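Structure at a glance
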Amino acid sequence: MISHMGHKADVEHTGAGRGTITFRSGACSLASSQRELVLIAAAVDLDSLIGVQDVITRHLLRFATQEEIRVDWTDPGSGDALEIVAPAVDDYLRAHCTPAGELLTELAETTREATGRAAGMQVTADEGALLEMLVRLSGARRAIEIGVFTGYSSLCIARALPADGYLLACDVSSEWTSIARPYWRRAGVDDRIDLRIGPALDTLRALPEEPAFDFAFIDADKGNYPRYYEEIVPRLASGGLLVLDNVFLGGRVLDPAFQDDDHQAMRRVNKALSRDGRLDVVMLPVRDGVTLARKR
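So, how was this worked out
- Residues numbered from 1 in each chain as written.
- Predicted model: local features only at pLDDT ≥ 70, side-chain atom pairs only at ≥ 80, totals over all residues.
- Heavy atoms only, no water.
- Helix = DSSP H or I, 4+ residues; strand = E, 2+ residues; numbered from the N terminus.
- Expected span 1.5 Å × (residues − 1).
- Buried < 20%, exposed > 50% of the residue type's maximum accessible area, 1.4 Å probe, protein only.
- Contact = heavy atoms within 4.5 Å.
- Pairing = 2+ DSSP bridges.
- Axes fitted to C-alpha atoms, helices over the stretch in contact; angles between N-to-C directions.
- Domains from an automatic or database assignment.
- Buried area = accessible area lost by both parts, 1.4 Å probe.
- Parallel < 35°, antiparallel > 145°, perpendicular 65-115°, else oblique.
- Left-handed = near helix turned anticlockwise from the far one by under 90°.
- Nonpolar A, V, L, I, M, F, W, Y, C, P; charged D, E, K, R; others polar.

Glancing now at helix α4 (residues 125-138). Look at α4: 20 Å from first C-alpha to last across 14 residues, which is about the 20 Å you get at 1.5 Å a residue. By the burial criterion, the buried members of α4 are D126, E127, G128, L131, E132, L134 and V135. Packing partners of the buried residues in α4 comprise α2 (87-95), α5 (152-160), β8 (213-218), β9 (236-245) and β11 (290-295). At the C-terminal side of α4, G139 shows a positive phi close to 70°.

Structure, rendered in structure tokens:
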């Protein structure tokens, strides 16, 4: 069916019984199994969504000449209503990770008290543990972080580095990073962290254009993700690991109805990463979506 519709729409076979059909008004991804074909339609508005569903349904019924099939569409939903991590799963995984420890727990509480609703920008304890494990597993010695906030992720990365390791931490806020510094000192890693206050793109572009970093973490302003990625990859050593946070943007990236600059920028970087021949990439449904990219 996907091949047949190539003259009416843009089609792409993505392997393992999967494919995507893209129309002007929306798109539909298809994934086949032995018992069913799963269809996921998306469009910018309800009328366009109904149109995509109608075209797909009619073509499926036309192709089913040897057997009777039924096409059932669930009620439409909004991307920002997706539950990436169900509460029961969230509770269970938090209970079965290595505890964050007293210092990180105190930093998280201080962040909530000092920043209020902005505290949601801080990585969760399990994601912090993941960052620390990735740094240790990769054997990284030199790391870079775009977006520090109050320093939770920086602390996780820095303490996973060897004693002579180096973390270049980039942020624009002296106020929020001032919360971080005492905790870095108490953890004994402040000598490994080089905090640069200012636009991260300026900091990146001032660096030599040579592979110097083994690990990179991006968790900053979403509209600049494509630029951060473009600047970091050439400066990442072979075998180095790039980690991007919030690649789902609360599910909005999955829904073409959301067209703000941040949503479009994240879609661009997600697409670019998946097609970058310099990288091996896997996207994980961890929290708000985490992408791991290893430079070849």
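To continue, consider the sheet that holds strand β5 (residues 142-146). Taken in spatial order, the seven strands of this open sheet run β7-β6-β5-β8-β9-β11-β10, and their pairing is mixed. Two strands lie at the open edges of the sheet, namely β7 (193-197) and β10 (279-284), each paired on one side alone. If you compare each strand with its neighbour and ignore which way they point, the axes differ by 15° on average. When β9 meets β11, the two strands line up antiparallel, connected through five bridges.

Let us look at the domain arrangement of the protein. Partitioning the protein into structural domains gives domain 1 (4-63) and domain 2 (87-295). In this structure, domain 1 and domain 2 have C-alpha centres spaced 35 Å apart. In this complex, domain 1 contributes four residues to the contact, which on the side of domain 2 involves four residues. Carbon and sulfur atoms supply 57% of the area buried between domain 1 and domain 2, which totals about 280 Å² over both sides. Among the residues domain 1 hides against domain 2, the three largest losses belong to A42, A43 and V44. Together they make up 82% of the total.

Attention shifts here to the packing of α4 against α5. Where α4 contacts α5, the two axes come as close as 8 Å, and the packing angle between them is 30°. Here α4 is positioned roughly parallel relative to α5, judged by the angle of their axes. Judged by the sense of rotation from one axis to the other, the crossing of α4 with α5 is right-handed. Taken together, the residues of α5 that come into contact with α4 (itself represented by A125, G128, L131, E132, V135 and R136) are Y152, S153, C156, I157, R159 and A160. Residue composition of the contact of α4 with α5, by class: seven nonpolar, two polar and three charged.

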